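# A structural walkthrough
Here is how the chains run, residue by residue.
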Amino acid sequence: MAKIYTGTYGKDTTDETALVTNLLKYPEIGKKIISQYPRFSLTYLLEAAGRNAAEKIIGDYAFEWKMQGRYRKPAVIHTGSTPNVAAGVTFTITAKHGSGDHGDNLNVNDVVRMPSGNTAIVVSVPTASGTSNVVTLRAIDAINETLTAGDVIGCIGSAFNQGSLGSEVGQNYAYPDTYKNWLTLSRKKCKIMGSDLTDVTWIESNGHRLWYFTKEQQMTDQFMYELELQRWYGKKSSTMGDNSADFPGDTGIKGGEFVAGVPMMGDGLLAQIDGSNQATYTAGALTEEDIVNFIGTLSKNALNAEGNVFTVFTGTQGRIDFHRAMKDLLVSQGAGGASTFAGKGGNDVTLGANFSEYNVLGNKMVLAYCPVFDDPNLHNSISSTFDSSNESGKMVFVDMGMQNGVSNVELIAKGAEGFNRSFVKKYVPGMVNPYDYNSMMAANGDDFFECQILSESGLILRNPLSCGILSNA
């Protein structure tokens, strides 16, 4: 654990012991500095766990990653029908074509399962026409059901006669989904006057003792908090393909180009999850059933059905609602409705329980406080009574698992081969020099020197489908 204390500028505040100098020599120190600010839940968690993406970004703002879903796509009904045939009789279905879930995923001799559970075998799959494809099937058992647009017809295998030819065998291939995001270049600076030189802050950790100016510390704190907000709420300013609809007045904007008047920005965590799994619960009335149902939904899209750890980021409202849900669960399970809270007897009686984890369906959820959801300067509906719908009650379930040594959630920064722009800080000396007040060299004639900081970084959420947002409403 690092020790932080204030001091004064003097003989010990040399170039060799300056934080900014050592950041230039040893960029990995930046990750340690981040850990000094415990109010930044997402950044701290990812940095502390060393979850930094291996992808290298050298000549572009964009980065991509692949996510392999299921190896075979279903056939999806395009036009409804009501097949009613006996076993052995042929019938047709009209499946979608060209949307990614279409009849082209079926081959002759594929055995399919109808929505009712009855089975049939594919007889022919002609060339598609337009957005639909008429597929002929032979009922294996009696078929009597109503098909509507959007119903799924899934392949459960294949069946061939003896002596079948290789040319009769179908093939399918599902390419991985490609996700794309952009880096965001964030910057901030502060002016340090001659009167500010005397106030410095020292950090001692693992045998190292480094210093920086107290005014610089305040600016760094603010910058790190803004990075945290960006990693939560940021939204990209360009997309793959024409995104002119996202920016009225601009036309023909293509992915990778700058939007007029808008710097390049990338999606934060919420924007990457948005559209995947969304649900609501009644404010002040979260139940254990709400949690079970939501984790069940997420686990269907996780790497494994069990053994997943979902870190749940939430504000004070969410923590209160979770506490009430767990308390109600314990009380309802107690004998005769009696409470089963842990307690300690003695002269001073201690009652209560701190609920931070919940195990269900072979998975675990770990509650993590997210201060940005409680920021009154950011949200205008933070309730003092914590009983109404507000950002404080949002519960963001993040799959923190790993696959083949790669984390599902990672930070990524511009750079490669020892060059990294995740955290860059430098001084620009004027008439005031941070190291030598008597120096005759200056970059400009201003009666101060500047401290500038930047970060060119982004966030990778490799599988957004195993994450979700449970909001109070």
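Just above sits the structure.
Structural notes, computed from the coordinates. Counting restarts for each chain, with residues numbered from 1 along the sequence as it is written. Only residues with pLDDT of at least 70 are given local features in this predicted model, and only at 80 or more are side-chain atom pairs given and counted; all residues enter the totals for whole chains, interfaces and linings. Based on all heavy atoms of the structure, the side-chain values leave hydrogens and waters out of the count.

### Considering the overall build of the protein chain
Strands are runs of DSSP state E lasting at least two residues, helices are runs of H or I lasting at least four, and both sets are numbered from the N terminus onward. Of regular secondary structure, the protein chain possesses seven helices and 29 strands. Exposure classes here rest on a 1.4 Å probe applied to the protein chains alone. A residue is buried below 20% of its type maximum, exposed above 50%, and partly exposed in between. Looking at the protein chain as a whole, 43% of its 473 residues qualify as buried. In the protein chain, the proportion of contacts linking residues at least 24 apart, taken out of those at least 6 apart, comes to 75%. Note on areas: Shrake-Rupley, 1.4 Å probe, and residue coverage restricted to the protein chains presented here. By element, 50% of the accessible surface of the protein chain is carried by carbon and sulfur atoms, the whole surface being about 24300 Å². Throughout, a residue-residue contact means that at least one pair of heavy atoms, one from each residue, lies within 4.5 Å.

### Overview of the sheet that holds strand β29 (residues 468–472)
Taken in spatial order, the six strands line up as β15-β29-β21-β16-β20-β19 in an open sheet, and their pairing is mixed. Edge strands, defined here as strands with exactly one partner in the open sheet, are β15 (278–281) and β19 (357–360). Here the average twist between neighbouring strands, direction ignored, is 25°. Sheet topology places strand β16 (residues 309–314) next to strand β20 (residues 363–369); six bridges connect them, and they run parallel. Note on pairing: DSSP must find at least two bridges between two strands before they are called paired. Fitting a line to C-alpha atoms yields each axis, with helices limited to the stretch in contact; the angle taken between N-to-C directions then spans 0 to 180 degrees.

### Concerning the sheet that holds strand β6 (residues 110–113)
Within a sheet, neighbouring strands are paired by backbone hydrogen bonds and run either parallel or antiparallel to one another. Taken in spatial order, the six strands close into a barrel running β3-β5-β8-β7-β6-β10, and their pairing is antiparallel. Pairwise comparison of adjacent strand axes, ignoring direction, gives a mean angle of 50° for this sheet. Where strand β5 (residues 90–96) meets strand β8 (residues 132–139), seven bridges bridge the pair, whose relative direction is antiparallel. Of the residues in β8, the one forming a bridge with A95 is N133.

### What about unusual backbone geometry?
Here N109, not a glycine, exhibits a phi torsion of approximately 80°, which is positive. Tracing the sequence through the fold places N109 in the loop between β5 and β6.

### Considering the pattern of salt bridges
Any carboxyl oxygen of Asp or Glu that lies within 4 Å of a side-chain nitrogen of Lys or Arg is treated as forming a salt bridge with it. Counting across every chain of the model gives nine salt bridges. With its nearest N and O atoms 3.9 Å apart, the salt bridge here joins R324 to D321. Of this pair, R324 and D321 both sit in helix α7 (residues 316–333), separated by three residues, roughly a single helical turn. Among the residues examined, R324 registers a relative accessible area of 29% and is labelled partly exposed. R462 serves as the salt-bridge partner of E410, at 2.6 Å between the closest nitrogen and oxygen. Within this pair, whereas E410 is found in strand β24 (residues 409–413), its partner R462 is found in the loop between β28 (449–461) and β29, the two being separated by 52 residues in sequence.

### As for empty space enclosed by the protein
In this analysis a 1.4 Å probe is tested at points of a 1 Å grid over the protein atoms alone, and where it fits but cannot get out there is a cavity; an open set with protein on both sides within 12 Å along at least five of seven lines is a pocket; lining residues have an atom within 4 Å of a point. Grid points are joined across faces, edges and corners, and a volume is the space filled by probe spheres set on the points. In the structure shown here, the tally under the stated rule is one cavity of 30 Å³ or more. Here the largest cavity defines a volume of roughly 90 Å³. Lining the largest cavity are 13 residues; nearest its centre among them are T184, Q230, R231, S457 and G458.

### Some remarks on the packing of aromatic side chains
Stacked, tilted and edge-to-face are the three classes assigned to paired rings of Phe, Tyr and Trp, where Trp is represented by its six-membered ring and a pair needs centres within 6.5 Å; plane angles under 30 degrees give stacked, over 60 edge-to-face, the rest tilted. This model, assessed by the stated rule, comprises seven aromatic pairs. With centroids separated by 6.5 Å and ring planes inclined at 70°, the aromatic side chains of Y233 and F373 adopt a geometry described as edge-to-face. With a gap of 140 residues between them, Y233 in helix α4 (residues 214–233) and F373 in the loop between β20 and β21 (395–399) connect regions that are remote in the sequence. For F373, a relative accessible area of 0% translates into the label buried. Centroid distance F294 to F397: 4.9 Å. Interplanar angle 65°. Geometry classified as edge-to-face. With F294 in helix α6 (residues 288–299) and F397 in strand β21, the pair connects residues that are 103 residues apart, well separated along the chain. Across this residue pair, the class does not change: F294 and F397 are buried. Note on geometry: a ring has a charge over it if NZ (lysine) or CZ (arginine) is within 6 Å of the ring centre and within 35 degrees of the ring normal. If you follow R319 out to its NZ or CZ, it ends over the ring of Y369, 4.9 Å from the centre.

### Re the state of the cysteines
Cysteine sulfur atoms are paired as a disulfide whenever they come within 2.5 Å of each other. Summed over the entire model, instances satisfying the criterion amount to zero disulfides. With no disulfide of its own, C190 lies closest to C451 among cysteine sulfurs, the gap being 4.9 Å. Looking at C190, the relative accessible area reads 11%, which means it is buried.

### A word on α4
Over its 20 residues, α4 runs 29 Å from end to end, which matches the ideal 28 Å to within 8%, given 1.5 Å per residue. Burial in α4 covers these residues: T214, E216, Q217, M219, T220, F223, M224, L227, E228, L229, R231 and W232. Here the expected length of a helix is defined as 1.5 Å per residue gap, with one fewer gap than residues.

### Observations regarding the nonpolar core
Judged by nonpolar contacts, the single largest core of 22 residues is most densely connected at I192, W211, F213, Y427, F449 and C451. The set of elements that each furnish at least two residues to this core consists of β12 (184–192), β13 (199–205), β14 (208–213), α4 and β28. Nonpolar core, defined: a set of buried Ala, Val, Leu, Ile, Met, Phe, Trp, Tyr and Cys residues in which side-chain atoms within 4.5 Å join the residues together. Among the nonpolar cores identified, the runner-up in size contains 21 residues, and Y281, I295, M365 and M395 belong to it.

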